[in-house]
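# Analysis of the macromolecular model
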Amino acid sequence: LKVNFAPFLDERSVKVGAVFVLQDITEEERLDNMRREFVANVSHELKTPLTSIKSYTETILDGVEDPELQRTFLEVVNTEADRMSRLVRDLLELSNFDSDTVRLKKNEYNINQMINSCVFKVKVTADQKRQTIIKQLPEKALIAVVDYDKIEQVILNILSNAIKYTGEDGQIEVELRTGETSEWFDIVVMDTGMGIPKEDLDRIYERFYRVDKARSRALGGTGLGLSIAKEIVEAHRGKIEITSEYGLGTKVTISLPFQETLNV
Ligand code: ADP
């Protein structure tokens, strides 16, 4: 609450009263803090890879005799540049949602096929960790009106998270099912990974919020994946829900309407 005070004077400058203005600035202040925090986060996230790019290029420029070592340093520069690209790509996408310039390109698609193709794309990574991916798809193909690229991006992001935050030999399950009413369908991804502590669950969709910053960075994450997934799902008038048992696993449910108005 902001209080403004001004004395009320008569023509001889004698105080005869006062004006108080009470203003509720909590919401305004909250948004202001969020903006400040966001800018600080973006700066920090960009500065970390930049610092490392700068120091490695300087070392190479000073002269590295061993070609093996030089290559190792260049690989670090390359990886860090990739990280910056991912970050900028994600920030641009969020900014498009913020400025309402996202136009969904909706059409009818076979969601069974979409899931098969997503699982195929992430399978290499899961195989490297000897993880099993189990699919549970309805026998009859499920057809829905969605923006293919965007919903595919959500599924790939959720599946990649499940793989990233689950250890070796873990299990990932993807289920596609019709929701409680016939107007909705659910895509459910379950893992047997590290889980998310209860106190973090509410904040998990916030931009740059991560349970374990160091781990997420080491795994190449930007901390923006779930914020983008939420924007995409909500733009389809759907819902995303995450439940988790810390140390046991996580379950992500994306509920989407079958039929959405085309090209809105
Ligand atoms: P990141 O790029 O860090 O993975 P996300 O926005 O995709 O960013 O996820 C935010 C955070 O949520 C992650 O850093 C991680 O702490 C947590 N998280 C997401 N998915 C899972 C999961 N399947 N199991 C455990 N933690 C998860």
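Note: the structure precedes this text.
Now for a quick tour of the structure. Along each chain, residues carry numbers from 1 onward, in the same order as the chain's sequence is written. Per-residue local features are limited, in this predicted model, to residues with pLDDT of at least 70; the limit for side-chain atom pairs, both in listing and counting, is 80 or more; totals at the level of whole chains, interfaces and linings are taken over all residues. By convention in this description, side-chain values take in all heavy atoms of the structure and omit both hydrogens and water.

The helix count covers DSSP runs of H or I at least four residues long, the strand count covers runs of E at least two residues long, and both are numbered beginning at the N terminus. The secondary structure content of the protein amounts to 7 helices and 9 strands. Throughout, the radius of gyration refers to the C-alpha atoms, and the reference size of a globule is 2.2 Å times the residue count to the power 0.38. A compact globule built from 264 residues would reach a C-alpha radius of gyration of about 18 Å, whereas the protein, at 25 Å, exceeds it by more than 25%. Expressed as lengths along the three principal axes of its C-alpha atoms, the size of the protein is roughly 85 × 65 × 40 Å. Each residue's exposure class comes from its accessible area (1.4 Å probe, protein chains only) as a fraction of the maximum for that residue type: buried when under 20%, exposed when over 50%, partly exposed otherwise. When the 264 residues of the protein are sorted by exposure, 39% land in the buried category. Here a residue-residue contact requires only that any non-hydrogen atoms of the pair lie within 4.5 Å. Within the protein, residue pairs in contact and separated by at least 24 positions form 67% of the contacts whose partners lie at least 6 positions apart. Accessibility throughout is a Shrake-Rupley quantity obtained with a 1.4 Å probe, and a residue counts as covered only by protein chains that appear here. Accessible area for the protein stands at about 16,300 Å²; split by element, carbon and sulfur atoms hold 52% of it.

For a regular strand, side-chain orientation follows a simple rule: the groups alternate between the two sheet faces. Counting buried positions along strand β5 (residues 143-147) yields 4 of 5 residues, so the element is predominantly enclosed. In this description, strands pair whenever DSSP reports at least two bridges between them. Of the pairings in the sheet, the one linking strand β3 (residues 106-110) to β5 comprises 5 bridges and is antiparallel in character. When the sheet's bridge partners are listed, Glu108 is paired in β5 with Val145.

A cluster of nonpolar residues, Leu1, Val3, Phe5, Phe20 and Leu22, forms a patch on the protein surface that exposes about 600 Å² of accessible area. Put simply, the parts of the chain that give the nonpolar patch at least two residues each are β1 (2-9) and β2 (15-23). Along the polypeptide, Phe5 turns up in strand β1. Under the relative-accessibility criterion, Phe5 is labelled exposed at 52%. Here, patches come from residues exposed beyond 30% relative accessible area and free of salt bridges, joined within 9 Å for like charges and within 5 Å for nonpolar side chains (Val, Leu, Ile, Met, Phe, Trp, Tyr). Each salt bridge in this description consists of a side-chain nitrogen of Lys or Arg and a carboxyl oxygen of Asp or Glu lying within 4 Å of one another.

The next subject is the nonpolar core. Core analysis: the largest hydrophobic core is formed by 49 residues, its most contacted members being Ile111, Leu159 and Phe185. Per-element accounting of this core gives the leading share, 8 residues, to helix α4 (residues 148-164). Leave out the neighbours within four places in its chain, and Leu159 touches Cys118, Val119, Val122, Ile172, Val174 and Val189. Throughout, nonpolar core names a set of buried Ala, Val, Leu, Ile, Met, Phe, Trp, Tyr and Cys residues whose side chains join them through atoms within 4.5 Å.

A molecule or strand has a residue near it when one of that residue's heavy atoms lies within 4 Å. Close contacts around the ligand come from 19 residues, with Tyr165, Asp191, Ser216, Gly223 and Leu226 the closest. Between N or O atoms, a polar contact is any pair within 3.5 Å; within protein, one atom must be a potential hydrogen donor and the other a potential acceptor, and residues adjacent in sequence are included only when both atoms are from side chains. Side-chain polar atom of Asp191 to a nitrogen atom of the ligand: 2.9 Å apart, as the coordinates give it. Here a nitrogen atom of the ligand and a side-chain polar atom of Thr250 are 3.3 Å apart. Summarising the interface, the protein chains cover 96% of the accessible area of the ligand, which totals 540 Å² for the free molecule. For the shell around the ligand, the secondary structure elements donating two or more residues are α4 and α7 (225-235).

One can find Leu74 in helix α2 (residues 67-98). In sequence terms Leu74 and Thr57 are 17 residues apart; their C-alpha atoms lie 7.8 Å from each other.

In terms of strand pairing, strand β4 (residues 132-136) meets strand β6 (residues 171-178) through 5 bridges, oriented parallel. Looking at β6, one finds that Ile133 is bridged to Ile172. Note: β6 against strand β7 (residues 184-191), 7 bridges, orientation antiparallel. Note on β7: the bridge partner recorded for Leu176 is Ile187. Count of turn residues in the β6/β7 antiparallel hairpin: 5 residues.

In this section: unusual backbone geometry. Located in the positive-phi region is Ser13, a residue other than glycine, with phi close to 60°. Of note, Ser13 is situated in the loop between β1 and β2. The exposure class of Ser13 is exposed, given its relative accessible area of 55%.

Let's shift gears to the packing of helix α1 (residues 26-62) against α2. Closest axis-to-axis distance for the α1/α2 pair is 9 Å, and the angle between their directions is 160°. Comparing their axes, α2 and α1 come out roughly antiparallel. In the crossing of α1 with α2, the sense of the turn from one axis to the other is left-handed. Across from Phe38, Val42, Glu45, Leu46, Pro49, Leu50, Ser52, Ile53, Tyr56, Thr57, Thr59 and Ile60 in α1, the residues of α2 making contact are Gln70, Phe73, Leu74, Val76, Val77, Glu80, Ala81, Arg83, Met84, Leu87, Val88 and Leu91. Axis definition: a line fit to C-alpha positions, over the contact stretch in the case of helices; interaxial angles, taken between N-to-C directions, run 0 to 180 degrees. Any angle that falls under 35 degrees is termed roughly parallel, while one over 145 is termed roughly antiparallel, one within 65 to 115 roughly perpendicular, and all others oblique. Left-handed describes a crossing whose near helix is turned anticlockwise from the far helix by less than a right angle; the clockwise case is right-handed.

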